[in-house]
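Chain residues, written in single-letter form:
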Amino acid sequence: MVHPVYIGCDVSKAHLDLFDAATQKAVRIANTGTAIDEWLATLDGREAQVVLEATGRYDRLLCSALERWRRPYCRVNPARARDFARATGQLAKTDTIDARLLARMGETLSPPVTTPPDPVRQQLESLHTRRDQLVAMRQQERARLHTADPSERDSIARHLGWLDTEIAAIEQQCQLLVRTNVTLNEQSTRLRSIPGIGQITAFTLMAHMPELGDSSPGSMAALAGLAPFNADSGIHRGQRHIRAGRKRVRDALYMAALVAYRLKSPFARMVQAMQAKGKPFKVMIIAIARKLLVIANAILRDKTTFEAA
């Protein structure tokens, strides 16, 4: 069995730091398409797998080039990478050290190869992220409006008007993108059949949970940060808490769960059982959010729609 050679890559806005575990050599290149292509050409026919931290937009040029050159790569969670560094006793942090640690992480853990994203879904994610940014700005401006001086109110009002228009325009772009793609359009229809899940929540799930429908319910809950983890030691049984996961997905499902809770009927039995046990309101909402995710995973897997029990 041939073991792959791992190349660690620390990504920043201006440059990429690379460490080749086979040659034990470190190199820094510019984070540009031309520089990345020139570096990839030097690998020739070597079976090398690149391990990099997920850094949002800064790693897009690298990932696109790796896909174009048909090179396997793995985008790892930055928190996981730091946990690995601490586990190995490496407390110092520089770009070169990070690249070396990522290569070592690949050799030690053999992380799975990242599946290249669907371009249309990636476009939906970009539009959705931009919408989130504008919605956050609108919330800030609305908060300022309450305490603004009269001289500031007109400016804030104009900005709020522009934000409303721009958010609506981006939502229309998302709708058009989904309608013109058969797969996304079908998924959107199935997801919106679930009580509490509206158009924006469906966009969120499709954009930020591409694994939905292809994995187990437990792994989906863990990815969204809705899986309660044990806190037991010896005879002590601690209270279980949710943690980590994809915050944007969790936030969207929490709001959907609030809507579903107000609808009562679809999840009435679950709510009544938890109320009988004296569960706090927030715990009930998290439980409904997790149930919504499990249902969404099932209906996309089975290509069906929601039917109340």
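The structure presented is a predicted model; accordingly, all values stated were derived computationally and were not measured.

Q: Describe the overall build of the protein chain, naming the residues involved and giving the relevant values.
A: Per the secondary structure count, the protein chain includes 12 helices and 7 strands. Viewed in the frame of its principal axes, the protein chain has a C-alpha envelope of about 60 × 60 × 45 Å. For the protein chain, long-range pairs separated by at least 24 residues make up 60% of all intrachain contacts whose partners lie at least 6 apart in sequence. With the model as given, the accessible surface of the protein chain reaches about 17,600 Å², and the carbon-plus-sulfur share is 53%. Within the protein chain, the 31 negative side-chain charges are centred at a point lying 8 Å from the centre of the 44 positive side-chain charges.

Q: I'd like a rundown of the sheet that holds strand β4 (residues 48-53), residues and numbers included.
A: Strand pairing in a sheet takes place through backbone hydrogen bonds and is either antiparallel or parallel in direction. Reading across from one edge, β3-β2-β1-β4-β5 is the order of the 5 strands in this open sheet, with mixed pairing throughout. Looking at the sheet topology across the chains shown, the edges are occupied by β3 (25-30) and β5 (73-76). Neighbouring strand axes in the sheet, compared pairwise and without regard to direction, differ in orientation by 20 degrees on average. Strand direction decides the pairing type here: strand β1 (residues 5-11) and strand β2 (residues 15-20), joined by 5 bridges, are antiparallel. Bridging across to β2, Gly8 finds its partner in Phe19.

Q: So what's going on with the nonpolar core? Residues and values would help.
A: Counting 47 residues, the largest nonpolar core has Leu191, Ile194, Leu205, Leu212 and Leu293 as its most contacted members. Residue assignment for this core shows that the elements contributing at least two residues are α5 (119-147), α6 (150-179), α7 (182-191), α8 (199-208), α9 (217-224), α10 (247-263), α11 (268-276) and α12 (281-302). Of the residues forming this core, the biggest block, 12 residues, is contributed by α12. Grouped together as the second largest cluster of nonpolar side chains are 18 residues, Val50, Leu62, Cys63 and Ala65 included.

Cut-offs applied
- Note that residues are indexed from 1 along each chain, following the sequence as it is written.
- Local features in a predicted model are, by the rule used here, given only for residues with pLDDT of at least 70; side-chain atom pairs are given and counted only at 80 or more, and totals for whole chains, interfaces and linings are based on all residues.
- The basis for every side-chain value is the complete set of heavy atoms in the structure, and neither hydrogens nor water enter the calculation.
- What counts as a helix is a DSSP run of H or I of at least four residues, what counts as a strand is a run of E of at least two, and both are numbered from the N terminus.
- Whether two residues are in contact is decided by their heavy atoms: any pair within 4.5 Å suffices.
- Throughout, the Shrake-Rupley method with a 1.4 Å probe supplies accessible areas, and for residues the shown protein chains are the sole cover considered.
- Think of it this way: Lys and Arg go in the positive column, Asp and Glu in the negative one, and His and the chain ends go nowhere.
- Here the site of a charge means atom NZ of a Lys, CZ of an Arg, CG of an Asp or CD of a Glu.
- Strand pairing is defined by DSSP finding a minimum of two bridges between the two strands.
- Note on geometry: axes are C-alpha line fits, over the in-contact stretch for helices, and angles between N-to-C directions span 0 to 180 degrees.
- Remark: nonpolar core denotes a set of buried residues (Ala, Val, Leu, Ile, Met, Phe, Trp, Tyr, Cys) joined through side-chain atoms within 4.5 Å.
- Using a 1.4 Å probe on the protein chains alone, a residue whose accessible area is under 20% of its type maximum counts as buried, one over 50% counts as exposed, and one in between counts as partly exposed.

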